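Observations on chain architecture
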Amino acid sequence: MERLDERKTKILKAIIKNYLDTGEPVGSRTISKYTDLHLSSATIRNEMSDLEELGYILQPHTSAGRIPSDQGYRFYVDNLIEEKNQEIASMQNFVIEHTEKMEQVLKNVAKLLANNTEYAAMITGPQYHHNKIKFIQLSKVDEHQLLCVIVLEGNIVKNKMLDMEDELEGEQILKLNILLNTSLNGLSIEQINLGMISALKDQAGIHGKLIGDVLDAVAKAVGEDEDLQIYTSGATNIFKYPELCNSEKASEFISAFEEKKMLASMITDKLENNDPGTGIQVYIGDESPIKTMKDCSVVTASYELGHGVTGMIGIIGPKRMDYEKVLDNLKNLKKQLDVIYPKEKKPTDGYD
């Protein structure tokens, strides 16, 4: 097929969209109102004549408007698929770029807290809860496999490979993408009931099994727990405090702090059992959830970036820590996170 210039492409798309809406042949006057080209009817008629000569549109009978040919439909579908693939590529690039930025910000935050307080500091990457489906894209990999890209609320991207029993054409994949997104966008996994699944499979016809596989992939993607990312700094600050610097206590502390398994256990438990934004909590001595820190105080604060996205900040030091200074630092940090990641903007993860 000959490559069309921008004007012809817009006119062809307008003809096809109008014909899909009305089922009636499309005339030049209709197109002059339908596009943003601001062309006269005479100019549009000339362009339509060129499109007809090139085989993209047909004139059913004299004095009638034009309708798309098979070649015109093929051009339209190929363009749609290309646009959707570009959207997915842009989304994935966005996720990668913002994930890297967030990791660097959180590492800097932990370092800043440790320097400002002269204690040990930690901060977790954001955790996502109650995710909703934002976008689903099926793309053909080869004759037996599809790539299912699932974009969840918060711009979390999950990729799943699906096996196909029969090869699908571009138009079939496009129709399945439209069906899935029309039906599922904005829904949480809890809102997708058996009746909805059955209806989707019926609408998909012979591709009902594939729809079932996609829904299984969506359920798995939503239900998967991400590895908790913990960024720490200032572990060696404890050596400044005599009561914490004997070899046995220091070794236990450094081990718990650097290996992060105990920290992860404490943080996961807090995030699961507390509402976002519960504020600042202080654990003194034996109150600490981590036994090896029973000679310390642990001050934690949950942060909330909106859309079910939460995380935890923590400062660990001696029981005689400067609590006022620590609380001021945590409050200021929460404010700064709100500035860096406003709640109306959805931060990204993208660890999949």
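Placed above this text is the structure.
This write-up is about the structure you can find in this document. (Residues numbered from 1 in each chain as written. Predicted model: local features only at pLDDT ≥ 70, side-chain atom pairs only at ≥ 80, totals over all residues. Heavy atoms only, no water.)

1. Let's talk about unusual backbone geometry
One non-glycine residue, Glu118, lies in positive phi territory at about 65°. Its place among the elements puts Glu118 in the loop between helix H4 (70–117) and strand S3 (120–124). Glu118 sits in the partly exposed class, given a relative accessible area of 39%. (Helix = DSSP H or I, 4+ residues; strand = E, 2+ residues; numbered from the N terminus. Buried < 20%, exposed > 50% of the residue type's maximum accessible area, 1.4 Å probe, protein only.)

2. Side note on the packing of aromatic side chains
Applying the stated criterion to the full structure yields two aromatic pairs. Seen from their ring centres, Tyr56 and Phe75 are 5.6 Å apart, and the 75° between their planes marks the pair as edge-to-face. Placement of the pair is Tyr56 in the loop between helix H3 (41–53) and strand S1 (57–58) and Phe75 in helix H4, with a sequence separation of 19 residues. Neither residue differs from the other here; Tyr56 and Phe75 are each classed as buried. Relative to Tyr241, the ring of Tyr119 has its centre 5.7 Å away and its plane inclined at 40°; by these criteria the two rings are tilted. (Phe/Tyr/Trp six-rings, centres within 6.5 Å; stacked < 30°, edge-to-face > 60°.)

3. Regarding the environment of Ala120
Along the chain, Ala120 turns up in strand S3. A residue is classified by how much of its surface remains accessible, and Ala120, at 1% relative accessible area, is buried. A sequence separation of 117 residues divides Ala120 from Asn237, and the C-alpha atoms of the two residues are 6.3 Å apart. Leaving out residues up to four positions away in the same chain, Ala120 has contacts with Ser233, Gly234, Ala235, Phe253, Phe257, Gly314, Ile315 and Ile316. (Contact = heavy atoms within 4.5 Å.)

4. Brief notes about the nonpolar core
Formed by 26 residues in total, the largest nonpolar core has its most connected members in Ile136, Leu138, Leu146, Leu162, Leu184, Ile211 and Val214. When residues in this core are grouped by element, the largest group, seven residues, is from helix H7 (residues 208–223). If sequence neighbours within four positions are ignored, Val214 has contacts with Ile136, Leu138, Cys148, Leu162 and Leu180. Of all hydrophobic cores here, the second largest spans 19 residues; its members include Ala114, Tyr119, Tyr241 and Val326. (Core = buried A, V, L, I, M, F, W, Y, C linked by side-chain atoms within 4.5 Å.)

5. Observations concerning the packing of helix H1 (residues 6–22) against H3
Across the interface, H1 lies against H3 with an axial gap of 10 Å and an inter-helix angle of 85°. Put simply, H1 runs roughly perpendicular to H3. On H3, the residues that touch Arg7, Lys8, Ile11, Leu12 and Ile15 of H1 are Thr43, Ile44, Glu47, Met48, Asp50 and Leu51. In the contact of H1 with H3, the residues fall into six nonpolar, one polar and four charged. (Axes fitted to C-alpha atoms, helices over the stretch in contact; angles between N-to-C directions. Parallel < 35°, antiparallel > 145°, perpendicular 65-115°, else oblique. Nonpolar A, V, L, I, M, F, W, Y, C, P; charged D, E, K, R; others polar.)

6. Overview of helix H6 (residues 194–204)
Of the residues flanking the start of H6, the one acting as N-cap is Asn193, its side-chain oxygen 3.2 Å from the backbone nitrogen of Gly195. Backbone geometry just downstream of H6 places Gly205 in the positive-phi region, at approximately 60°. (Polar contact = N/O pair within 3.5 Å; in protein donor to acceptor, adjacent residues only side chain to side chain.)

7. Some remarks on the pairing of strand S5 (residues 133–142)
Regular strands show a simple pattern: their side chains alternate between the two faces of the sheet. Bridging between S5 and strand S6 (residues 145–152) involves eight bridges; their strand directions are antiparallel. Paired with Ile133 across the two strands is Leu152, which belongs to S6. Hairpin remark: S5 followed by S6, antiparallel, with two residues in the connecting loop. (Pairing = 2+ DSSP bridges.)

8. So, the pattern of salt bridges
According to the stated counting rule, one finds twelve salt bridges in the structure shown. Salt-bridge contacts for Lys10 lead to Glu6; the nearest nitrogen and oxygen are separated by 3.7 Å. Residue Lys10 and its partner Glu6 are located together in helix H1, separated by four residues, close to a single helical turn. Taking the relative accessible area as the measure of exposure, Lys10 reaches 29% and is therefore partly exposed. Its relative accessible area of 59% is what places Glu6 among the exposed residues. The partner of Arg74 in a salt bridge is Asp78, and the shortest N-O contact between them spans 2.7 Å. Residue Arg74 and its partner Asp78 are located together in helix H4, separated by four residues, close to a single helical turn. (Salt bridge = Lys/Arg side-chain N within 4 Å of Asp/Glu carboxyl O.)

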